[in-house]
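# Inside the fold
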Amino acid sequence: MEARAPRGTSDILPGEARLWQEIEATVRDVMRVYGYGEIRTPVFEYTELFARGVGETTDIVEKQMYTFEDRGGRSLTLRPEGTAPVVRAFVQHRLHGEGLPQKLWYCQPMFRYERPQAGRARQFHQFGAEAIGSLDPALDVEMIAIPIEVYKRLGIRGFEVLVNSIGCPVCRPAYRERLKAYLAQRIDRLCPTCRARFERNPLRVLDCKEEGCREATAGAPAAWDYLCDECGLHFESVQRVLAVLGIAYRLDGRLVRGLDYYTKTVFEIVTDGLGAQGTLAAGGRYDGLAAELGGGDYPAVGFAGGMERAVLALKAAGREEGKAQGRPDVFVVRLGERAWNEGIALAQRLREHGVAAQIEYAAELGKARSMKAQMKVAGRSGARLAVIAGDDELSRGTVALRRMDDGTQWEVPVERLVDAVKEQLGGGGRLA
Ligand code: ATP
Ligand code: MG
(Lines give C-alpha, C1' and ligand atoms only; values in the text may rest on other atoms or scores of the structure.)
(Ligands and ions follow the chains in the order given, each with its own letter.)
Protein backbone atom coordinates (compact mmCIF):
# COMPACT_ATOMS: atom_id res chain seq x y z
CA MET A 1 0.00 0.00 0.00
CA GLU A 2 1.04 3.58 -0.60
CA ALA A 3 1.50 5.76 2.50
CA ARG A 4 -0.60 8.69 1.35
CA ALA A 5 -3.48 10.63 2.94
CA PRO A 6 -6.77 10.69 0.97
CA ARG A 7 -7.11 13.30 -1.77
CA GLY A 8 -8.32 16.63 -0.41
CA THR A 9 -7.01 16.03 3.11
CA SER A 10 -3.74 17.12 4.63
CA ASP A 11 -1.53 16.60 7.61
CA ILE A 12 -0.70 19.63 9.67
CA LEU A 13 2.94 19.09 10.64
CA PRO A 14 4.47 20.69 13.75
CA GLY A 15 6.02 23.69 11.95
CA GLU A 16 2.70 24.69 10.41
CA ALA A 17 0.78 23.71 13.54
CA ARG A 18 2.39 26.72 15.23
CA LEU A 19 0.48 28.99 12.85
CA TRP A 20 -2.73 27.06 13.56
CA GLN A 21 -2.18 27.40 17.30
CA GLU A 22 -1.70 31.12 16.92
CA ILE A 23 -4.92 31.50 14.91
CA GLU A 24 -6.83 29.28 17.35
CA ALA A 25 -5.56 31.24 20.36
CA THR A 26 -6.55 34.50 18.67
CA VAL A 27 -10.02 33.16 17.83
CA ARG A 28 -10.47 31.92 21.41
CA ASP A 29 -9.56 35.28 22.89
CA VAL A 30 -11.69 37.30 20.48
CA MET A 31 -14.66 35.04 21.28
CA ARG A 32 -13.98 35.56 24.98
CA VAL A 33 -14.08 39.36 24.76
CA TYR A 34 -17.27 39.21 22.69
CA GLY A 35 -18.90 36.92 25.24
CA TYR A 36 -19.29 33.67 23.26
CA GLY A 37 -19.17 30.19 24.81
CA GLU A 38 -17.52 27.30 23.00
CA ILE A 39 -19.59 24.45 21.60
CA ARG A 40 -18.27 21.18 20.13
CA THR A 41 -20.67 19.08 18.11
CA PRO A 42 -20.26 15.54 16.73
CA VAL A 43 -18.28 14.95 13.55
CA PHE A 44 -21.33 13.22 12.04
CA GLU A 45 -25.05 13.91 12.27
CA TYR A 46 -28.21 12.35 10.87
CA THR A 47 -28.34 13.19 7.18
CA GLU A 48 -31.77 14.79 7.39
CA LEU A 49 -30.36 17.57 9.58
CA PHE A 50 -28.37 18.91 6.64
CA ALA A 51 -30.98 18.04 4.00
CA ARG A 52 -33.55 20.08 5.92
CA GLY A 53 -31.26 22.67 7.48
CA VAL A 54 -28.90 23.51 4.64
CA GLY A 55 -31.41 22.94 1.87
CA GLU A 56 -32.05 20.35 -0.84
CA THR A 57 -31.03 22.59 -3.74
CA THR A 58 -27.67 23.69 -2.36
CA ASP A 59 -24.28 22.56 -3.69
CA ILE A 60 -23.53 21.06 -0.31
CA VAL A 61 -26.58 18.80 -0.18
CA GLU A 62 -26.74 18.09 -3.91
CA LYS A 63 -23.17 17.00 -4.43
CA GLN A 64 -20.73 17.61 -1.58
CA MET A 65 -21.81 15.51 1.38
CA TYR A 66 -19.97 12.50 2.73
CA THR A 67 -23.00 10.37 3.47
CA PHE A 68 -22.92 6.75 4.63
CA GLU A 69 -25.13 4.21 6.25
CA ASP A 70 -24.00 2.89 9.60
CA ARG A 71 -24.39 -0.73 10.67
CA GLY A 72 -27.80 0.06 12.08
CA GLY A 73 -29.02 1.30 8.72
CA ARG A 74 -29.23 4.99 9.68
CA SER A 75 -28.06 7.53 7.12
CA LEU A 76 -25.30 9.67 8.61
CA THR A 77 -23.32 12.55 7.13
CA LEU A 78 -19.93 13.97 8.05
CA ARG A 79 -20.54 17.57 9.16
CA PRO A 80 -20.24 19.82 6.05
CA GLU A 81 -20.92 23.09 7.91
CA GLY A 82 -21.32 24.29 11.48
CA THR A 83 -24.61 26.16 11.70
CA ALA A 84 -27.18 23.37 11.40
CA PRO A 85 -25.47 21.25 14.11
CA VAL A 86 -25.23 24.22 16.50
CA VAL A 87 -28.91 25.06 16.02
CA ARG A 88 -29.74 21.37 16.43
CA ALA A 89 -27.89 21.41 19.76
CA PHE A 90 -29.67 24.65 20.77
CA VAL A 91 -33.03 22.97 20.14
CA GLN A 92 -32.11 19.60 21.65
CA HIS A 93 -30.72 21.02 24.90
CA ARG A 94 -33.38 23.76 25.16
CA LEU A 95 -30.65 26.35 25.43
CA HIS A 96 -33.25 29.10 25.10
CA GLY A 97 -33.88 28.45 28.81
CA GLU A 98 -30.35 29.69 29.59
CA GLY A 99 -31.14 33.18 28.32
CA LEU A 100 -31.33 34.77 24.90
CA PRO A 101 -29.49 35.33 22.73
CA GLN A 102 -27.34 32.23 23.11
CA LYS A 103 -23.90 33.19 21.83
CA LEU A 104 -21.88 30.14 20.77
CA TRP A 105 -18.59 29.65 18.92
CA TYR A 106 -16.75 26.68 17.45
CA CYS A 107 -13.60 25.68 15.62
CA GLN A 108 -14.08 22.28 14.03
CA PRO A 109 -13.27 20.18 10.95
CA MET A 110 -15.82 20.12 8.10
CA PHE A 111 -16.14 17.68 5.20
CA ARG A 112 -17.23 18.42 1.64
CA TYR A 113 -16.62 16.48 -1.54
CA GLU A 114 -15.07 19.26 -3.65
CA ARG A 115 -12.35 19.61 -6.26
CA PRO A 116 -9.24 20.14 -4.13
CA GLN A 117 -7.14 23.26 -4.84
CA ALA A 118 -5.14 25.71 -2.74
CA GLY A 119 -7.57 26.90 -0.05
CA ARG A 120 -10.20 24.29 -0.95
CA ALA A 121 -10.06 20.85 0.64
CA ARG A 122 -12.33 17.91 1.40
CA GLN A 123 -11.53 17.97 5.07
CA PHE A 124 -11.12 21.60 6.09
CA HIS A 125 -11.63 23.60 9.26
CA GLN A 126 -13.84 26.50 10.15
CA PHE A 127 -14.03 28.84 13.11
CA GLY A 128 -17.38 30.47 13.53
CA ALA A 129 -20.03 31.84 15.82
CA GLU A 130 -23.81 31.78 16.08
CA ALA A 131 -26.05 34.14 18.08
CA ILE A 132 -29.46 32.51 18.45
CA GLY A 133 -32.64 34.16 19.72
CA SER A 134 -32.38 37.83 18.75
CA LEU A 135 -33.11 39.90 15.66
CA ASP A 136 -30.97 42.83 16.83
CA PRO A 137 -28.95 44.18 13.88
CA ALA A 138 -26.09 44.78 16.33
CA LEU A 139 -25.59 41.00 16.27
CA ASP A 140 -25.42 40.93 12.47
CA VAL A 141 -22.62 43.46 12.74
CA GLU A 142 -20.96 41.51 15.58
CA MET A 143 -20.64 38.59 13.16
CA ILE A 144 -18.70 40.84 10.80
CA ALA A 145 -16.68 42.54 13.54
CA ILE A 146 -15.48 39.26 15.12
CA PRO A 147 -13.64 37.85 12.09
CA ILE A 148 -12.28 41.32 11.28
CA GLU A 149 -10.84 41.52 14.80
CA VAL A 150 -9.30 38.06 14.37
CA TYR A 151 -7.63 39.04 11.07
CA LYS A 152 -6.46 42.40 12.45
CA ARG A 153 -4.84 40.82 15.48
CA LEU A 154 -3.10 38.31 13.21
CA GLY A 155 -1.77 41.07 10.96
CA ILE A 156 -3.88 39.97 7.97
CA ARG A 157 -4.85 43.03 5.93
CA GLY A 158 -6.22 43.98 2.55
CA PHE A 159 -9.66 42.41 2.87
CA GLU A 160 -13.02 43.86 1.92
CA VAL A 161 -16.43 43.42 3.54
CA LEU A 162 -19.36 42.79 1.18
CA VAL A 163 -22.90 43.10 2.51
CA ASN A 164 -26.33 42.40 1.07
CA SER A 165 -29.85 41.67 2.26
CA ILE A 166 -31.79 38.89 0.59
CA GLY A 167 -35.07 39.51 2.39
CA CYS A 168 -37.38 37.04 4.07
CA PRO A 169 -40.23 34.68 3.13
CA VAL A 170 -42.51 37.73 2.94
CA CYS A 171 -40.55 39.74 0.39
CA ARG A 172 -38.30 37.23 -1.32
CA PRO A 173 -40.99 35.67 -3.57
CA ALA A 174 -41.45 38.99 -5.39
CA TYR A 175 -37.70 39.37 -5.85
CA ARG A 176 -37.43 35.77 -6.94
CA GLU A 177 -40.03 36.31 -9.66
CA ARG A 178 -38.35 39.50 -10.82
CA LEU A 179 -34.97 37.74 -10.93
CA LYS A 180 -36.45 34.79 -12.80
CA ALA A 181 -37.90 37.10 -15.42
CA TYR A 182 -34.47 38.72 -15.79
CA LEU A 183 -32.71 35.36 -16.04
CA ALA A 184 -35.26 33.96 -18.48
CA GLN A 185 -34.09 36.53 -21.06
CA ARG A 186 -30.52 35.25 -20.74
CA ILE A 187 -31.10 31.58 -20.15
CA ASP A 188 -29.06 30.43 -23.17
CA ARG A 189 -25.98 32.25 -21.83
CA LEU A 190 -26.07 30.34 -18.52
CA CYS A 191 -24.12 27.17 -17.76
CA PRO A 192 -26.04 23.84 -17.66
CA THR A 193 -26.06 23.81 -13.83
CA CYS A 194 -27.60 27.28 -13.72
CA ARG A 195 -30.17 26.39 -16.36
CA ALA A 196 -31.21 23.51 -14.11
CA ARG A 197 -31.15 25.76 -11.03
CA PHE A 198 -33.12 28.52 -12.66
CA GLU A 199 -36.54 27.04 -11.79
CA ARG A 200 -35.84 25.66 -8.35
CA ASN A 201 -33.47 28.23 -6.91
CA PRO A 202 -32.82 31.23 -9.16
CA LEU A 203 -30.88 33.13 -6.46
CA ARG A 204 -28.14 30.51 -6.67
CA VAL A 205 -27.43 31.56 -10.27
CA LEU A 206 -25.94 34.78 -8.86
CA ASP A 207 -23.50 32.66 -6.83
CA CYS A 208 -22.22 30.70 -9.86
CA LYS A 209 -18.46 30.91 -10.35
CA GLU A 210 -18.58 30.38 -14.16
CA GLU A 211 -17.29 33.45 -16.00
CA GLY A 212 -20.13 33.24 -18.57
CA CYS A 213 -22.82 33.24 -15.89
CA ARG A 214 -21.20 36.14 -14.08
CA GLU A 215 -21.13 38.22 -17.26
CA ALA A 216 -24.68 37.29 -18.24
CA THR A 217 -26.02 38.35 -14.84
CA ALA A 218 -23.88 41.46 -14.31
CA GLY A 219 -26.92 43.75 -14.33
CA ALA A 220 -29.21 41.49 -12.32
CA PRO A 221 -31.76 43.19 -10.06
CA ALA A 222 -30.75 43.49 -6.41
CA ALA A 223 -32.94 42.14 -3.63
CA TRP A 224 -32.69 45.36 -1.63
CA ASP A 225 -35.09 47.01 -4.08
CA TYR A 226 -37.75 44.46 -3.10
CA LEU A 227 -37.39 44.31 0.70
CA CYS A 228 -40.51 44.46 2.85
CA ASP A 229 -40.72 47.17 5.52
CA GLU A 230 -39.25 44.99 8.24
CA CYS A 231 -36.33 43.77 6.13
CA GLY A 232 -35.71 47.28 4.80
CA LEU A 233 -35.58 48.71 8.31
CA HIS A 234 -33.31 45.89 9.45
CA PHE A 235 -30.93 46.41 6.53
CA GLU A 236 -30.74 50.15 7.28
CA SER A 237 -30.02 49.45 10.94
CA VAL A 238 -27.23 47.02 10.05
CA GLN A 239 -25.62 49.71 7.92
CA ARG A 240 -26.02 52.28 10.67
CA VAL A 241 -24.25 50.05 13.22
CA LEU A 242 -21.49 49.30 10.68
CA ALA A 243 -21.01 53.08 10.36
CA VAL A 244 -21.00 53.57 14.13
CA LEU A 245 -18.22 50.98 14.46
CA GLY A 246 -16.30 52.51 11.55
CA ILE A 247 -16.36 49.24 9.60
CA ALA A 248 -15.78 49.90 5.90
CA TYR A 249 -18.06 47.82 3.67
CA ARG A 250 -19.37 47.64 0.15
CA LEU A 251 -22.98 46.84 -0.73
CA ASP A 252 -23.11 43.99 -3.23
CA GLY A 253 -26.56 43.21 -4.64
CA ARG A 254 -25.26 40.01 -6.26
CA LEU A 255 -24.11 38.50 -2.99
CA VAL A 256 -26.26 35.48 -2.14
CA ARG A 257 -25.00 32.60 -0.08
CA GLY A 258 -24.82 28.94 -0.98
CA LEU A 259 -27.04 27.81 1.87
CA ASP A 260 -30.82 28.04 1.74
CA TYR A 261 -31.44 29.04 5.33
CA TYR A 262 -30.28 32.64 5.00
CA THR A 263 -32.68 35.57 5.48
CA LYS A 264 -32.03 39.32 5.55
CA THR A 265 -28.32 40.05 6.05
CA VAL A 266 -25.65 38.11 4.15
CA PHE A 267 -21.97 39.09 4.04
CA GLU A 268 -18.53 37.95 2.98
CA ILE A 269 -15.04 39.04 3.90
CA VAL A 270 -12.94 38.71 0.76
CA THR A 271 -9.32 39.27 -0.14
CA ASP A 272 -7.73 39.36 -3.58
CA GLY A 273 -4.52 37.84 -2.26
CA LEU A 274 -5.64 34.19 -2.47
CA GLY A 275 -6.78 33.83 -6.08
CA ALA A 276 -10.09 32.09 -6.70
CA GLN A 277 -10.41 31.03 -3.05
CA GLY A 278 -10.61 34.64 -1.88
CA THR A 279 -13.44 34.39 0.62
CA LEU A 280 -11.91 34.36 4.09
CA ALA A 281 -15.20 34.26 6.00
CA ALA A 282 -18.89 34.48 5.29
CA GLY A 283 -22.21 34.38 7.04
CA GLY A 284 -25.60 35.83 7.52
CA ARG A 285 -28.91 35.80 9.31
CA TYR A 286 -31.10 32.69 9.38
CA ASP A 287 -34.30 33.57 11.18
CA GLY A 288 -36.21 30.45 10.12
CA LEU A 289 -33.72 27.68 10.81
CA ALA A 290 -34.61 26.86 14.43
CA ALA A 291 -38.28 26.56 13.45
CA GLU A 292 -37.32 24.42 10.45
CA LEU A 293 -35.63 22.03 12.88
CA GLY A 294 -38.71 21.94 15.08
CA GLY A 295 -37.38 24.34 17.69
CA GLY A 296 -39.69 27.35 17.57
CA ASP A 297 -39.19 30.93 16.52
CA TYR A 298 -35.61 31.99 17.28
CA PRO A 299 -34.12 34.50 14.86
CA ALA A 300 -30.38 34.00 14.57
CA VAL A 301 -27.22 35.10 12.80
CA GLY A 302 -23.76 33.57 12.35
CA PHE A 303 -20.53 33.41 10.38
CA ALA A 304 -17.85 30.88 9.50
CA GLY A 305 -14.25 31.54 8.52
CA GLY A 306 -11.93 29.10 6.79
CA MET A 307 -8.90 28.12 8.90
CA GLU A 308 -6.86 26.94 5.88
CA ARG A 309 -7.51 30.29 4.21
CA ALA A 310 -6.49 32.15 7.36
CA VAL A 311 -3.22 30.17 7.33
CA LEU A 312 -2.69 31.06 3.65
CA ALA A 313 -3.42 34.72 4.37
CA LEU A 314 -1.00 34.67 7.30
CA LYS A 315 1.70 33.24 5.04
CA ALA A 316 0.85 35.77 2.32
CA ALA A 317 1.38 38.46 4.96
CA GLY A 318 4.94 37.17 5.30
CA ARG A 319 4.63 34.85 8.27
CA GLU A 320 6.77 31.76 8.21
CA GLU A 321 6.15 28.36 9.67
CA GLY A 322 7.72 27.79 13.06
CA LYS A 323 10.51 25.32 13.72
CA ALA A 324 9.26 21.78 14.13
CA GLN A 325 10.59 21.57 17.67
CA GLY A 326 10.44 24.40 20.10
CA ARG A 327 13.72 25.69 21.46
CA PRO A 328 14.40 24.22 24.89
CA ASP A 329 15.45 26.42 27.80
CA VAL A 330 17.89 23.85 29.10
CA PHE A 331 19.77 20.88 27.71
CA VAL A 332 20.86 18.25 30.25
CA VAL A 333 24.19 16.68 29.27
CA ARG A 334 25.05 13.44 31.09
CA LEU A 335 28.53 12.01 31.78
CA GLY A 336 28.99 8.57 33.27
CA GLU A 337 26.76 5.66 34.09
CA ARG A 338 25.06 7.06 37.17
CA ALA A 339 24.52 10.46 35.53
CA TRP A 340 23.03 8.85 32.39
CA ASN A 341 20.05 7.79 34.49
CA GLU A 342 19.93 10.52 37.13
CA GLY A 343 20.12 13.20 34.45
CA ILE A 344 16.69 12.03 33.27
CA ALA A 345 15.32 12.82 36.73
CA LEU A 346 16.95 16.28 36.64
CA ALA A 347 15.28 17.05 33.28
CA GLN A 348 12.01 15.76 34.69
CA ARG A 349 12.24 18.00 37.74
CA LEU A 350 12.95 21.06 35.58
CA ARG A 351 9.94 20.23 33.39
CA GLU A 352 7.73 19.92 36.47
CA HIS A 353 8.73 23.51 37.24
CA GLY A 354 7.78 24.74 33.78
CA VAL A 355 11.29 24.77 32.30
CA ALA A 356 11.59 23.24 28.80
CA ALA A 357 14.34 20.67 29.31
CA GLN A 358 15.72 18.32 26.71
CA ILE A 359 18.15 15.39 26.75
CA GLU A 360 19.88 13.48 23.96
CA TYR A 361 18.65 9.92 23.54
CA ALA A 362 20.72 6.77 23.03
CA ALA A 363 21.18 5.49 19.49
CA GLU A 364 22.01 2.01 20.68
CA LEU A 365 20.52 0.13 23.58
CA GLY A 366 22.74 0.27 26.65
CA LYS A 367 25.17 2.85 25.20
CA ALA A 368 25.47 6.41 26.43
CA ARG A 369 26.29 9.27 24.04
CA SER A 370 29.69 10.91 24.30
CA MET A 371 30.02 14.31 25.97
CA LYS A 372 31.07 15.80 22.64
CA ALA A 373 28.05 14.43 20.77
CA GLN A 374 25.69 15.67 23.50
CA MET A 375 27.23 19.16 23.58
CA LYS A 376 26.87 19.39 19.81
CA VAL A 377 23.14 18.59 19.96
CA ALA A 378 22.77 20.98 22.92
CA GLY A 379 24.34 23.76 20.83
CA ARG A 380 22.15 23.07 17.82
CA SER A 381 19.00 22.92 19.97
CA GLY A 382 19.25 26.62 20.77
CA ALA A 383 19.06 25.97 24.52
CA ARG A 384 20.22 28.92 26.61
CA LEU A 385 21.67 26.77 29.35
CA ALA A 386 23.30 23.36 29.66
CA VAL A 387 23.19 21.37 32.86
CA ILE A 388 26.25 19.11 32.87
CA ALA A 389 25.76 16.18 35.19
CA GLY A 390 28.86 14.01 35.84
CA ASP A 391 29.21 11.06 38.19
CA ASP A 392 31.89 12.81 40.30
CA GLU A 393 29.84 15.96 40.72
CA LEU A 394 26.67 14.02 41.45
CA SER A 395 28.42 12.11 44.23
CA ARG A 396 29.25 15.53 45.77
CA GLY A 397 25.59 16.57 45.28
CA THR A 398 26.34 19.15 42.56
CA VAL A 399 26.06 19.67 38.80
CA ALA A 400 27.61 22.24 36.49
CA LEU A 401 25.52 24.96 34.91
CA ARG A 402 26.80 26.45 31.65
CA ARG A 403 25.60 29.51 29.76
CA MET A 404 25.61 28.58 26.12
CA ASP A 405 26.15 32.15 24.85
CA ASP A 406 29.49 32.91 26.54
CA GLY A 407 30.53 29.51 27.89
CA THR A 408 30.64 30.60 31.56
CA GLN A 409 30.29 27.56 33.75
CA TRP A 410 29.91 27.07 37.51
CA GLU A 411 28.79 24.48 40.01
CA VAL A 412 25.43 24.48 41.79
CA PRO A 413 24.05 22.11 44.43
CA VAL A 414 21.50 19.74 42.90
CA GLU A 415 18.80 20.91 45.31
CA ARG A 416 19.31 24.50 44.12
CA LEU A 417 19.25 23.59 40.41
CA VAL A 418 15.68 24.68 39.65
CA ASP A 419 16.17 28.08 41.34
CA ALA A 420 19.55 28.62 39.69
CA VAL A 421 18.10 27.82 36.25
CA LYS A 422 15.15 30.15 36.81
CA GLU A 423 17.49 32.94 37.92
CA GLN A 424 19.43 32.57 34.70
CA LEU A 425 16.39 32.40 32.47
CA GLY A 426 14.88 35.47 34.11
CA GLY A 427 11.75 36.82 32.41
CA GLY A 428 12.67 35.11 29.15
CA GLY A 429 12.18 31.58 30.45
CA ARG A 430 8.85 29.85 30.40
CA LEU A 431 8.30 29.59 34.11
CA ALA A 432 5.57 27.73 35.91
P1 ATP B 1 -17.25 28.85 -1.76
O2 ATP B 1 -18.18 29.73 -2.49
O3 ATP B 1 -15.80 29.33 -1.77
O4 ATP B 1 -17.38 27.40 -2.07
P5 ATP B 1 -18.97 28.52 0.45
O6 ATP B 1 -20.09 29.44 0.20
O7 ATP B 1 -19.15 27.08 0.14
O8 ATP B 1 -17.64 29.04 -0.24
P9 ATP B 1 -19.21 28.65 3.30
O10 ATP B 1 -19.94 27.38 3.38
O11 ATP B 1 -19.90 29.91 3.56
O12 ATP B 1 -18.43 28.71 1.92
O13 ATP B 1 -17.93 28.55 4.24
C14 ATP B 1 -17.36 29.70 4.89
C15 ATP B 1 -15.88 29.71 4.69
O16 ATP B 1 -15.29 28.44 4.90
C17 ATP B 1 -15.45 30.06 3.28
O18 ATP B 1 -15.46 31.44 3.10
C19 ATP B 1 -14.06 29.51 3.24
O20 ATP B 1 -13.14 30.38 3.88
C21 ATP B 1 -14.19 28.24 4.04
N22 ATP B 1 -14.42 27.08 3.16
C23 ATP B 1 -15.60 26.67 2.61
N24 ATP B 1 -15.42 25.54 1.89
C25 ATP B 1 -14.09 25.22 2.01
C26 ATP B 1 -13.27 24.15 1.52
N27 ATP B 1 -13.78 23.18 0.78
N28 ATP B 1 -11.96 24.15 1.85
C29 ATP B 1 -11.44 25.12 2.61
N30 ATP B 1 -12.14 26.15 3.11
C31 ATP B 1 -13.46 26.21 2.82
MG1 MG C 1 -18.58 25.90 -1.47
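The structure this text deals with has already been given above.
Chains are numbered independently. Their residues run from 1 in the order of the written sequence. By the order in which they are written, chains take letters starting at A while ligands take numbers starting at 1. Per-residue local features of the predicted model are confined to residues with pLDDT of at least 70, and side-chain atom pairs are confined, for both listing and counting, to 80 or more; whole-chain, interface and lining totals are unaffected and use all residues. Side-chain metrics rest on all non-hydrogen atoms present in the structure, leaving aside hydrogens and water.

### A word on the overall build of the protein chain
Secondary structure elements follow DSSP: runs of H or I no shorter than four residues count as helices, runs of E no shorter than two count as strands, and numbering proceeds from the N terminus. The number of helices and strands found in the protein chain is 15 helices and 16 strands. Put simply, the radius of gyration uses C-alpha atoms, and a globule should come to 2.2 Å times the residue count raised to 0.38. The C-alpha atoms of the protein chain give a radius of gyration of 28 Å, which is well past the 22 Å a tight globule of 432 residues would have. Residue burial is assigned from relative accessible area. The probe radius is 1.4 Å, only protein chains are included, and a residue is buried under 20% of its type maximum, exposed over 50%, and partly exposed in between. A buried classification covers 50% of the 432 residues belonging to the protein chain. Contact definition: two residues touch when any of their heavy atoms are within 4.5 Å. A fraction of 69% describes how many contacts in the protein chain between residues 6 or more apart in sequence connect residues 24 or more apart. Carbon and sulfur atoms provide 49% of the accessible area of the protein chain, an area that totals close to 21,100 Å². Note that accessible areas follow from Shrake-Rupley with a 1.4 Å probe, and for residues the cover is restricted to the protein chains shown.

### A few points about the sheet that holds strand E14 (residues 385-390)
Whether two strands pair comes down to DSSP finding at least two bridges between them. Reading across from one edge, E13-E12-E14-E15-E16 is the order of the five strands in this open sheet, with mixed pairing throughout. Each having just a single partner strand, strand E13 (357-359) and strand E16 (409-413) make up the two edges of the open sheet. Going from strand to strand, the sheet's axes swing by 30 degrees on average, the running direction of each strand aside. Direction of pairing for E14 relative to strand E15 (residues 398-403): antiparallel, over a ladder of four bridges. Bridge pairing links valine 387 to leucine 401 in E15. Geometry is summarised by axes, namely lines fitted to C-alpha atoms with helices restricted to the contacting stretch, and by angles between N-to-C directions that run from 0 to 180 degrees. Contacts between helix H13 (residues 371-381) and the sheet are confined to strand E12 (330-335), E13, E14 and E15, with E12 contributing the most and set at about 180 degrees to the helix.

### So, the packing of aromatic side chains
The pairing test for Phe, Tyr and Trp rings, Trp by its six-membered ring, is centres within 6.5 Å, and the orientation test on the planes gives stacked under 30 degrees, edge-to-face over 60, and tilted for anything in between. Inspection of every chain in the model, using the stated rule, returns 10 aromatic pairs. Their ring planes at 45 degrees and their centres at 5.7 Å tell us that tyrosine 175 and tyrosine 226 sit as a pair that is tilted. With tyrosine 175 in helix H6 (residues 172-184) and tyrosine 226 in the loop between helix H8 (211-216) and helix H9 (229-244), this residue pair connects regions lying 51 residues apart in the sequence. Among the residues examined, tyrosine 175 registers a relative accessible area of 2% and is labelled buried. Look at tyrosine 226 and you get partly exposed, because its relative accessible area is 27%. One aromatic cluster is present, built from ring pairs that chain together Phe127, Tyr151, Phe159 and Phe303. To sit over a ring, a charge needs its Lys NZ or Arg CZ within 6 Å of the ring centre and within 35 degrees of the ring normal. The ring of tyrosine 46 carries arginine 74 above its face, with NZ or CZ at 4.1 Å from the centroid. Between the NZ or CZ atom of arginine 122 and the centre of the ring of tyrosine 113, over which it lies, the distance is 4.0 Å.

### Describing the site of ligand 1
With respect to spatial proximity, 16 residues lie near ligand 1, and among them Arg112, Glu114, Arg120, Lys209 and Arg257 are the closest. Polar contact is defined as a pair of N or O atoms within 3.5 Å, subject to the rule that within protein one atom must be able to donate a hydrogen and the other to accept it, and that residues adjacent in sequence are counted only when both atoms are side-chain atoms. The separation between an oxygen atom of ligand 1 and a polar side-chain atom of arginine 112 is 2.7 Å. At 3.3 Å, a backbone N or O of glycine 306 approaches an oxygen atom of ligand 1. Burial of ligand 1 by the surrounding chains reaches 92%, relative to a free accessible area of 590 Å². At the level of elements, strand E6 (123-132), strand E10 (279-285) and strand E11 (300-306) are the ones that each hand at least two residues to the shell around ligand 1. Working definition: residue near molecule or strand if any one of its non-hydrogen atoms lies within 4 Å of it.

### Examining the packing of H6 against helix H7 (residues 192-200)
Interhelical geometry of H6 versus H7 gives an angle of 145 degrees and a closest axis separation of 10 Å. Crossing of H6 over H7 shows left-handed handedness. For the pair H6 and H7, contact is made by Arg176, Lys180, Leu183 and Ala184 and by Phe198, Glu199 and Arg200, respectively. Note on residue categories: nonpolar means Ala, Val, Leu, Ile, Met, Phe, Trp, Tyr, Cys or Pro, charged means Asp, Glu, Lys or Arg, and polar means any other residue, Gly included. Tallied by class, residues from the contact of H6 with H7 come to three nonpolar, no polar and four charged. Handedness of each helix crossing follows the sense of rotation of the near helix against the far helix: counterclockwise by less than a right angle gives left-handed, clockwise gives right-handed.

### Remarks on the pairing of E12
Within E12, five of the six residues are buried, which leaves it mostly tucked inside the rest of the structure. Summarising the sheet, E12 and E13 pair through three bridges and their orientation is parallel. When the sheet's bridge partners are listed, valine 330 is paired in E13 with alanine 357. If the strands point away from the viewer and the path from the first strand over the helix to the second runs clockwise, then the crossover is right-handed. Of the crossover connections in this fold, the one passing from E12 over helix H12 (residues 337-352) to the parallel E13 is right-handed. With six bridges connecting them, E12 and E14 associate as parallel partners. Note that in E14 the partner of phenylalanine 331 across the bridge is alanine 386.

### Details of the packing of helix H5 (residues 137-154) against H9
Put simply, H5 and H9 touch, their axes get as near as 8 Å, and they point 50 degrees apart. What the angle tells us is that H5 and H9 run oblique. Along this stretch, H5 crosses H9, giving a crossing that reads as right-handed. Residue-level contacts link Pro137, Ala138, Asp140, Val141 and Ile144 of H5 to His234, Ser237, Val238, Val241 and Leu242 of H9. Classifying every residue of the contact of H5 with H9 gives seven nonpolar, two polar and one charged. Each angle is binned into one of four classes, with values under 35 degrees roughly parallel, values over 145 roughly antiparallel, values of 65 to 115 roughly perpendicular, and all other values oblique.

### Structural notes on unusual backbone geometry
Each neighbour pair has its own omega, and for leucine 100 with proline 101 the value is -5 degrees, a cis peptide bond. Located in the positive-phi region is lysine 264, a residue other than glycine, with phi close to 55 degrees. Secondary-structure assignment places lysine 264 in strand E9 (residues 263-271). The class of lysine 264 is buried, set by a relative accessible area of 5%.

### Brief notes about the sheet that holds E11
If you trace the eight strands from one edge of the open sheet to the other, you get E1-E5-E6-E11-E10-E9-E7-E8, paired in mixed fashion. The open sheet has two edge strands, strand E1 (37-38) and strand E8 (250-251), and neither has a second partner. Two elements, strand E7 (residues 159-165) and E9, share seven bridges in a ladder whose sense is antiparallel. Looking at the pairing, valine 161 lines up with isoleucine 269 of E9. Its contacts with the sheet place helix H1 (residues 14-34) against strand E5 (102-111), E6 and E11, and it is angled at close to 160 degrees to E5.

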